[in-house]
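Here's the letter readout for the chains.
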Amino acid sequence: MTDIFSLRDDSPVSEAPVSIEEFLGNSNATAVRIEVGEDARQLLPNLDRIAMVEISFPAFTDGRGYSAARVLREAGYDGELRAQGDVLLDQIRYMHRCGFDSFAPEKPLKADQVDAVLKRFDAVYQGTVDGQNPVWNLRHGN
Amino acid sequence: MYKYDQYDQSIVDARVAEFRDQVERRLAGEITEDQFKPLRLQNGLYLQLHAYMLRVAIPYGTLNSEQMKMLAHIARKYDRDYGHFTTRQNIQYNWIQLDQTPDLLADLASVEMHAIQTSGNCIRNISSDQYAGAAADEVTDPRPWAELLRQWSTFHPEFAHLPRKFKFAVIASEEDRAAMRLHDIGIQLVRNDAGELGARFFVGGGMGRTPMIGPMVRDFVAADDLVSYAEACLRVYNRYGRRDNKYKARIKILVHELGKDEYTRQVEEEFKHIKTLNLDPPKAELERITTFFQDPDYDKSASDDLDLSDPDFAIWVDQNVKTHKQSGYAIANISLKPIGGIPGDATSAQIDVMADLAKEYSFDELRVTHAQNIVLPHVKKSDLYTLWQKLDEAGLATPNLDLISDMIACPGLDYCSLANARSIPVAQKIAQRFSDVGKQKELGELKLKISGCINACGHHHAGHIGILGVDRKGVENYQLSLGGSGAEDVSLAKITGPGFDEDGIVDAVEKATNVYLKEREGDERFVDTYRRVGMAPFKEALYD
Ligand code: SF4
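Caption draft 1: Broad picture of the overall build of chain A. Helices and strands together make up the secondary structure of chain A, namely 5 helices and 6 strands. Starting at the N terminus, the α and β elements of chain A follow one another as β-β-α-β-β-α-β-α-β-α-α. A globule of 142 residues ought to have a C-alpha radius of gyration of about 14 Å, and chain A, at 15 Å, matches this closely. Taken along its principal axes, the extent of the C-alpha atoms in chain A is 50 × 35 × 30 Å. Across the 142 residues in chain A, those meeting the buried criterion constitute 42%. Expressed as a percentage of contacts within chain A between residues at least 6 apart in sequence, the contacts between residues at least 24 apart total 53%.

Caption draft 2: Spotlight on the site of the ligand. Surveying the vicinity of the ligand reveals 13 residues, the closest of which are B:Cys410, B:Cys416, B:Gly452, B:Cys453 and B:Cys457. Here the residues of the shell around the ligand sort into 8 nonpolar, 5 polar and no charged.

Caption draft 3: Summary view of helix 8 (residues 260–275) of chain B. All names here are of chain B. Over its 16 residues, helix 8 extends 22 Å from the first C-alpha to the last, a length consistent with the 22 Å expected when each residue adds 1.5 Å. Along helix 8, the positions that sit buried rather than exposed are Tyr263, Thr264, Val267, Glu270, Phe271 and Ile274. Seen along its axis, helix 8 keeps its buried residues to an arc of 130°; they face one direction. Opposite the buried face of helix 8, by more than 90 degrees, sit the exposed residues Asp261, Glu262, Glu269 and Lys272.

Caption draft 4: Main features of the interface of chain B and chain A. The interface is formed by 30 residues belonging to chain B together with 28 residues belonging to chain A. Of all the elements in the fold, those that place two or more residues in the side of chain B that touches chain A are helix 1 (6–27), helix 2 (33–41), helix 5 (143–153), helix 6 (226–240) and helix 9 (283–291) of chain B. Broken down by element, the residue count for the side of chain B that touches chain A peaks at 6 residues, all from helix 1 of chain B. Classifying every residue of the side of chain B that touches chain A gives 15 nonpolar, 8 polar and 7 charged.

Caption draft 5: Fine view of the domain arrangement of chain B. Residue and element names in this part refer to chain B. The domain boundaries assigned to chain B delineate domain 1 (6–109), domain 2 (142–289), domain 3 (311–393) and domain 4 (408–543). The distance between the C-alpha centroids of domain 1 and domain 2 comes to 27 Å. With 5 residues of domain 1 in contact, the opposing surface of domain 2 contributes 6 residues. Of the residues that constitute the side of domain 1 that touches domain 2, the class distribution is 3 nonpolar, 2 polar and no charged.

Caption draft 6: Representation of the sheet that holds strand 18 (residues 465–472) of chain B. All names here are of chain B. The sheet built from 5 strands is open, its strands ordered 16-17-18-19-20 with mixed pairing. Lying at the two open borders of the sheet, with one neighbouring strand each, are strand 16 (408–409) and strand 20 (494–495). Here 2 bridges tie strand 16 to strand 17 (residues 448–451), and the two strands are oriented parallel to one another. Looking at strand 17, one finds that Ala409 is bridged to Ile450. Most of the contacts of helix 13 (residues 424–433) go to strand 17, to which it runs at about 155°, and overall it touches strand 16, strand 17, strand 18 and strand 19 (475–482).

Caption draft 7: Highlighting unusual backbone geometry. Residues and elements named next belong to chain B. With a phi close to 65°, Asn278 is a non-glycine residue in the positive phi region. On the secondary structure map, Asn278 appears in the loop between helix 8 and helix 9. One non-glycine residue with positive phi stands out, namely Lys473, at about 50°. Mapped onto the fold, Lys473 is located in the loop between strand 18 and strand 19.

Caption draft 8: Summary view of the pairing of strand 8 (residues 185–191) of chain B. Residue and element names in this part refer to chain B. With 5 of its 7 residues buried, strand 8 lies for the most part within the structure. Direction of pairing for strand 7 (residues 168–171) relative to strand 8: parallel, over a ladder of 4 bridges. Its bridge partner being in strand 8, Ala169 is matched across the sheet by Gly186. Bridge analysis of strand 8 against strand 9 (residues 197–203) gives 7 bridges, and the strand direction is antiparallel. Note that in strand 9 the partner of Ile185 across the bridge is Val203. Where strand 8 folds back on strand 9, the antiparallel hairpin that results is connected by 5 residues, among which Gly195 adopts a positive phi of roughly 85°.

Scoring rules and cut-offs
Residues numbered from 1 in each chain as written. Chains lettered and ligands numbered in written order. Predicted model: local features only at pLDDT ≥ 70, side-chain atom pairs only at ≥ 80, totals over all residues. Helix = DSSP H or I, 4+ residues; strand = E, 2+ residues; numbered from the N terminus. Rg over C-alpha atoms; globule rule 2.2 N^0.38 Å. Buried ≥ 20, exposed ≤ 12 C-beta atoms within 10 Å, placed from the backbone. Contact = placed C-beta atoms within 7 Å. Near = placed C-beta within 6 Å. Nonpolar A, V, L, I, M, F, W, Y, C, P; charged D, E, K, R; others polar. Expected span 1.5 Å × (residues − 1). Arc of directions from axis to C-beta. Domains from an automatic or database assignment. Pairing = 2+ DSSP bridges. Axes fitted to C-alpha atoms, helices over the stretch in contact; angles between N-to-C directions.

Here it is in structure tokens:
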């Protein structure tokens, strides 16, 4: 198993995730994996029994996982949300802004570099699920 | 003109620092070219046939003279003393050294410019009407809306790795000068019955190998819903757009395959959800941006009189000068299509001249058009003659706006690694064939567009006459098509038949124009005659 790089306070879920299909069947699993192209909304009725969702990035150029992550966070999911696969330093910030808080990259990430990347921009133009207040609110004292 | 505040500046500065770091890691071999590629691509840097090409964003085609001067400075310092204005209202430089790009970007940032998202599979620079704020027929200035979308789309985390590139155009007139319905999302600002401004959304237009005219998915999106609605359109595309085939990955294919109604239904459902998240900017933000686009301080008593006794000046005025909403003022178009030149190219000296003239005669404002020309939007009529003389001295007074030699041509095989054929020499030969202004004026408005391959960067599908370079058994060959338009009478051009070689295509264009001269009725334009008489007489002249 690859090293998990987590931004959460609790420790990463160690249970191996099951497929959506298996999860929705008669499973007691609390960790689910979403393959690229699968509909994250299938999980929405059962978010309260999930501790970790892993979303696969077979290639960093495939951006479907960003929408999947936001869909889950927008529905109130607050468990671990892990990006797995071709997860590269230069995509971490976007992933974090879409709700990912743990990473299982195929090639290990360096903690100090991740830290620098996350701190690079202190202003953002759009609201997402990361709680950062976009500049169009700040400008008007909101 | 929009002015950055500390937030805008900090975001652009942070990007320069980030790119400097990425270039250093690449030069040190810490990241591979494969990993670097999407980073440089989202920053407008392409590896071309001979060198790196850098594309600089000119949001909605508007810039001031200081910014224009910076473009000249960059041409001198980092390139071979010229730049190429593109159909996306941007400028690109063809001879850039990778290790110098961070400094170049820092220079740009010092005048509130950048190269963010000028390439890659993300939301690209937002384009607009080059006459915005000056046109007599607009319901409002579309640029504040375009600026709001620029900010929203900049570093949008969810839409940075879309199936394919994504282009917006925003206009606010019935006359479409921006090929709005040939964009992934075209927005036309309109007023509803209550007199409020809103956005009409057309989704799924585009050129490329499968050209499509974008259907309307919503006739009115209120200002307060603009961002949420755009998020919904993009999210449906990001989740369901095709990623198995690069040629089927644009949103037009998704809209086409789902059908407009089903795509719209999904967007509306997503919109209903997104609207609950409170993502739209406060009302005051569009108002704040709008304050930057107030009318300049016109001399309201300026005279409409114009002395046209100099015949060369009169020809230029007739062709290149357009009606301004303010009496006593005019819109002056500077053609970057001198006969025998490279369409859209300008030297650093010419860029400097245009900047100086904008400062002196056009309230410090310039526009870049999607037809690769420059506009001085607010010129006092009494200054036009002096302006024209100065343009003429700099080789910038070609009186051919919208005539056959005012063509759009992509860089083609001379620069572009994807090309099948050269575009520039064909453009030059056609311009030479029709070099006589009288002959051109006789042909009237005639939009000729040339692409060097199926990717259609030269908009050949939207040409009254379109030319597409193809590779036929290792030989450059050119297909001719007729009847396209990117304006409010939008249509896609149809291929005439078998292609031609380089000289053959020049003859073929001339034959097509001869058919028009013979068949035309009244004041029909070329494209009107084609629409009335159909392909048959053209085919006959071309292939008999
Ligand atoms: S149309 Fe083809 S040849 Fe021309 S610039 Fe685009 S990709 Fe290059």
